[in-house]
Amino acid sequence: MFTTVLVLLFFYIPILLLVLNSFNAARFGGQWEGFTLDWYVRLFNDGPIWTALRNTLIIAVSSTLVSMVLGTLAAFALHRYNTRLQRIHYTLIYTPLVVPDILMGMSLLLFFVAAGLQLGLTTIFLAHVSFCISYVAMVVLARLQDFDFSVIEASQDLGAGWWDTTWRVLLPMLAPGIAAGGLLAFTLSIDDFVITFFVSGPGSTTLPIRIYSMMKHSRNMPIINALSTLLLVVTFIAVWSSQRLTREKRT
Amino acid sequence: MMKKLMLGVIALGLAGIMAGCGAGKPRLHLYTWADYVDPALVKKFEKEFGCRVVIDTFDSNEAMYAKLQAGATGYDLIIPSSYMIKTMHRQGMLLPIDKSLIPNLAYIDAEHLTHVIDKEMDHSVPYMIGHTGIAYLGSRVDDVEPSWAVFDREDLRGRVTLLNDMRETIGAALKFLGYSINSVNEQELAEARDVVIRWKRNIAKFDNEQYKVGLASGAFLLVQGYSGDIAQVMEDNEDIVFVSPREGTSIFSDDFVIPATAQQVELAHAYINFMHDPENAAANIEYIAYLCPNTGAYDLLSDEIKEDPTVFMDPEIRNKSEFIDDVGDALALYSRMWDQIKAAE
């Protein structure tokens, strides 16, 4: 019990401090110098931050959706077939999990330049899909390993075709795994800095790139506290309402 | 429900991209540090030249350089620090500056140009400059001599910090001893190493980030810090005093360069010219609180900025100060000295 409390404190005190500092008049959070909403006002007037947030969300949502589809298919192939080709496939899927980000960013950049692709949101999207697939595939694969395939056989025995089996039996049962993989992919995509930095082009600065580049000269650093607080609130509302929705469905 | 929501988000995003591409205006792609220009000036430039300025940002010279080296293109104007520009120029990554397109070059501080690496403005034009100095809490530290010797003061033991930067910190000791900040003489460097080791026994730590918070809250009484950082800390704590050491210090400069792959070369020149218009330069100095070395702008500044020691340096001290320049093979020597400093008890 005591350790639980300690661990929770360890996790949540930094977040609490961040929220408090977003209302702190002091620029450097060393001490409390009075309540202010100034950082929020500055945040709403800061165009580049919102552009960066928009870019980040476009990339995160699109690359998550695509990698959920591709990752699930990959996991399926890996699980069903045990050929030499699939063992190579497994290595390919596994590699992005262990390759350092900087190596991946650099090699993707070299590849895109060699392929003559214009750097921008498209190249960031491609790069994010390529590492998100691995995470989705791994999560779904774990789920498939505990999967009882006799259910599929039962459904086929009862006259369901390939389509019905997939949509009404297989996917609903795998859904939690796919969703978990998707959430992981979304989180990784939203805060990826190293790979994104290398493959981004003109007009595609994302939020992490913007924040890092503010370290050096920006006088607006504390607006990041304000932005993080807003994102926290949005996340809490989303989680809370999704829990409510699922609860209502059950009753 | 969830699917519809996601589709909506994607549609919105796509609409956003389309709207951006729809306008047939030329675009100037600027690659720079975040919040390093007055946004009102960018709007004014867009209006005057009927174009769009797209700003992308990097967080370190090295990362930006690595990216361009690998072949990233699409940027028309970049603002790196001068030491990195030297490397980029050597690699043939930059276009020469066409001076006939930038009449406002006439305003650039001739005295400043005597210090810089690219004195002829052949491939770079100065944008903003700053320097390293000493900041302290006026009410808690008495009789501070504006000299690097303050790091020897025993009454401040454990309450001062030096920068955690090889060239800056060894450079401070070199200036203290009266040598060049870019010395490649092993004897001089060994002397500087011994000075830093002596200081090390007196300081709390070598630090590049936390010193700002520490100074604002009073945990540290005196620090070696960058002028731009200190200017921000001063907004939090009015007790802070900033001085430039009389032996001289290091100056840095971020300059405009046009990469060889630029598409909008003329517009890039126009942007440099626009930012060096005295009125615009003055507005920019007021906004970001660094010094744009533009003599036309100096008179237009508010008294507050004119008297700000983090922006303007005493000309006499400035004459003794230097840019941190590439030291070639001697860099290994610096690294060795720095390792010995870090290992010393």
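Before reading further, recall that the structure is shown in the block above.
Heads up: these notes are all about the structure in this document. (Residues numbered from 1 in each chain as written. Chains lettered and ligands numbered in written order. Predicted model: local features only at pLDDT ≥ 70, side-chain atom pairs only at ≥ 80, totals over all residues.)

1. Some points on the overall build of chain A
Here's step 1: The number of helices and strands found in chain A is eleven helices and zero strands.
Here's step 2: Along the chain direction, N to C, the helices and strands of chain A fall in the order α-α-α-α-α-α-α-α-α-α-α.
Here's step 3: With respect to the principal axes defined by its C-alpha atoms, chain A has extents near 70 × 55 × 35 Å.
Here's step 4: Every one of the 251 residues in chain A was classed for burial, and the buried ones make up 33%.
Here's step 5: Considering only contacts within chain A whose residues lie at least 6 apart along the sequence, 77% involve residues at least 24 apart. (Helix = DSSP H or I, 4+ residues; strand = E, 2+ residues; numbered from the N terminus. Buried ≥ 20, exposed ≤ 12 C-beta atoms within 10 Å, placed from the backbone. Contact = placed C-beta atoms within 7 Å.)

2. Some points on the interface of chain B and chain A
Here's step 1: Between chain B and chain A, the residue contacts involve 33 residues of the former and 35 residues of the latter.
Here's step 2: At the level of secondary structure, the elements contributing two or more residues to the side of chain B that touches chain A comprise α1 (2–22), β2 (52–57), α3 (61–69), α8 (210–217) and α9 (227–236) of chain B.
Here's step 3: Tallied by class, the residues present in the side of chain B that touches chain A amount to 17 nonpolar, nine polar and seven charged. (Nonpolar A, V, L, I, M, F, W, Y, C, P; charged D, E, K, R; others polar.)

3. Describing the packing of helix α3 (residues 47–80) of chain A against helix α4 (residues 84–98) of chain A
All names here are of chain A.
Here's step 1: Here α3 crosses α4 at 140 degrees, and the two axes come no closer than 9 Å. By the criterion of interaxial angle, the relationship of α3 to α4 is oblique. Note on packing geometry: the crossing formed by α3 with α4 is left-handed. Facing Ala74, Ala77 and Leu78 of α3, the residues of α4 in contact are Gln86, His89, Tyr90 and Ile93.
Here's step 2: Within the contact of α3 with α4, the residues separate by chemical class into five nonpolar, two polar and no charged. (Axes fitted to C-alpha atoms, helices over the stretch in contact; angles between N-to-C directions. Parallel < 35°, antiparallel > 145°, perpendicular 65-115°, else oblique. Left-handed = near helix turned anticlockwise from the far one by under 90°.)

4. Some words on unusual backbone geometry
Peptide bonds are trans in most cases, and residues, glycine excluded, mostly fall at negative phi.
Residues and elements named next belong to chain B.
Here's step 1: Phi is positive for Asp35, which is not a glycine, with a value near 55 degrees.
Here's step 2: Judged by local crowding, Asp35 falls into the buried class, with 24 C-beta atoms found within 10 Å.
Here's step 3: Phi at Ala289 takes a positive value of approximately 60 degrees, unusual for a residue other than glycine.
Here's step 4: Mapped onto the fold, Ala289 is located in the loop between α11 (278–288) and α12 (295–298).

5. A short note on the nonpolar core
Here's step 1: Grouped together as the largest cluster of nonpolar side chains are 128 residues, with contacts concentrated most on A:Val136, A:Val199, B:Leu77 and B:Leu222.
Here's step 2: With twelve residues, the top contributor of residues to this core is helix α6 (residues 121–145) of chain A.
Here's step 3: With residues up to four places along the chain from it excluded, the contact list for A:Val199 reads A:Gly105, A:Leu108, A:Leu109, A:Phe112, A:Leu119, A:Thr123, A:Ile124 and A:Ala127. (Core = buried A, V, L, I, M, F, W, Y, C linked by C-beta atoms within 7 Å.)

6. Re the pairing of strand β4 (residues 125–137) of chain B
Residues and elements named next belong to chain B.
Here's step 1: Across the 13 residues that make up β4, a large majority, twelve, are buried.
Here's step 2: Two strands pair when backbone bridges link them, and β4 and strand β7 (residues 222–226) are joined in this way by five bridges, in the antiparallel orientation. By the bridge assignment, Tyr136 is partnered in β7 with Leu222.
Here's step 3: In the sheet, β4 pairs with strand β8 (residues 240–243) via four bridges, with the strands oriented antiparallel. Opposite Leu137, over in β8, you have Ile240 as the bridge partner. (Pairing = 2+ DSSP bridges.)

7. What about the sheet that holds strand β1 (residues 27–32) of chain B?
Residue and element names in this part refer to chain B.
Here's step 1: If you walk across this open sheet you meet the three strands as β2-β1-β3, and the pairing is parallel. Looking at which strands have only one partner, the edges of the open sheet turn out to be β2 and β3 (77–78).
Here's step 2: Bridge analysis of β1 against β3 gives two bridges, and the strand direction is parallel. Within β3, the position partnered with Tyr31 by the bridge is Ile78.

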